[in-house]
Amino acid sequence: MKIKVYRLVTGEHIIGEVLDFATNAYITIKNPALFQLQQNKAGQIIIAITALLILSKNNETYIKETNVVYSYKPNNDLEGAYMKHTTGLDVAKTPDIII
């Protein structure tokens, strides 16, 4: 499973499983979700994730490549939050850097 984050020209951050990249200049994403970082009352930063296609039959979308500002592989915290949101599984945290 290849999870990536895309920052769109409109400012949204979309995270999802990349199925196909640049087929006819479109990126196919399964289980896409919007996310943003928020600060709670205790001052902690939390990840807020919202499903993008709650009424879709196949839960896939296509993003035009020209609408992407940049993309990146999410860190373990973000990927774990996404997996918990989409599958309900609480993925164990592992460090990004192992020494």
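That block above? That's the structure.
Notes on the structure in this doc start here. The structure presented is a predicted model; accordingly, all values stated were derived computationally and were not measured.

The next subject is the overall build of the protein chain. Counting secondary structure elements, the protein chain contains one helix and six strands. Along its sequence from the N terminus, the protein chain presents helices and strands in the succession β-β-β-β-β-β-α. Counting the 99 residues in the protein chain, one finds 25% classified as buried. Pairs at least 24 apart in sequence give 47% of the contacts found in the protein chain among residues at least 6 apart.

Let's shift gears to a nonpolar patch on the surface. Side chains of Val9, Val69, Tyr70 and Tyr72 sit close together on the surface and give an oily, nonpolar patch of about 360 Å² of accessible area. Under the relative-accessibility criterion, Tyr70 is labelled partly exposed at 39%.

Take the side chain of Thr28 next. For Thr28, the position within the fold is in strand S3 (residues 26-39). Residue Thr28 is classed as buried on the basis of its relative accessible area of 10%. Among residues more than four places away in sequence, those in contact with Thr28 are Glu17, Val18, Leu19, Asp20, Glu60, Thr61 and Tyr62.

What follows covers the packing of aromatic side chains. On inspection of all chains with the given rule, the structure shows one aromatic pair. On the numbers, 6.3 Å between centres and 25° between planes, the contact of Tyr70 with Tyr72 is stacked.

Turning our eyes to something else, we now look at the nonpolar core. Among the nonpolar cores identified, the biggest contains nine residues, and these are Ile3, Val5, Ile15, Ala33, Phe35, Ile49, Leu78, Tyr82 and Met83. For this core, the secondary structure elements donating two or more residues are strand S1 (3-8), S3 and helix H1 (76-87). A total of three residues in this core trace back to one element, the largest contributor, which is H1. Filtering out sequence-adjacent residues up to four positions away, Ala33 remains in contact with His13, Ile14, Ile15, Ile49, Thr50, Ala51, Leu52, Tyr82 and His85. The next biggest cluster of nonpolar side chains, apart from the first, holds seven residues, and it includes Tyr6, Leu8, Ile14 and Ile27.

Our focus in this paragraph is H1. With 12 residues, H1 extends 16 Å from end C-alpha to end C-alpha; this agrees with the ideal 16 Å at 1.5 Å per step. Three or more residues of H1 are buried, namely Leu78, Gly80, Tyr82 and Met83. The N-cap residue of H1 is Asn75: its side-chain oxygen and the backbone nitrogen of Asp77 are 3.2 Å apart. At the C-terminal side of H1, Gly88 shows a positive phi close to 85°.

Time to look at the pairing of S1. With five of its six residues buried, S1 lies for the most part within the structure. Bridge analysis of S1 against strand S6 (residues 68-72) gives four bridges, and the strand direction is antiparallel. Pairing of Tyr6 across the sheet is with Ser71, part of S6.

What counts, and at which threshold
Residues numbered from 1 in each chain as written. Predicted model: local features only at pLDDT ≥ 70, side-chain atom pairs only at ≥ 80, totals over all residues. Heavy atoms only, no water. Helix = DSSP H or I, 4+ residues; strand = E, 2+ residues; numbered from the N terminus. Buried < 20%, exposed > 50% of the residue type's maximum accessible area, 1.4 Å probe, protein only. Contact = heavy atoms within 4.5 Å. Patch = residues over 30% accessible without salt bridge, like charges linked within 9 Å, V, L, I, M, F, W, Y side chains within 5 Å. Areas by Shrake-Rupley, 256 points an atom, 1.4 Å probe, with all protein chains shown as cover. Salt bridge = Lys/Arg side-chain N within 4 Å of Asp/Glu carboxyl O. Phe/Tyr/Trp six-rings, centres within 6.5 Å; stacked < 30°, edge-to-face > 60°. Core = buried A, V, L, I, M, F, W, Y, C linked by side-chain atoms within 4.5 Å. Expected span 1.5 Å × (residues − 1). Polar contact = N/O pair within 3.5 Å; in protein donor to acceptor, adjacent residues only side chain to side chain. Pairing = 2+ DSSP bridges.

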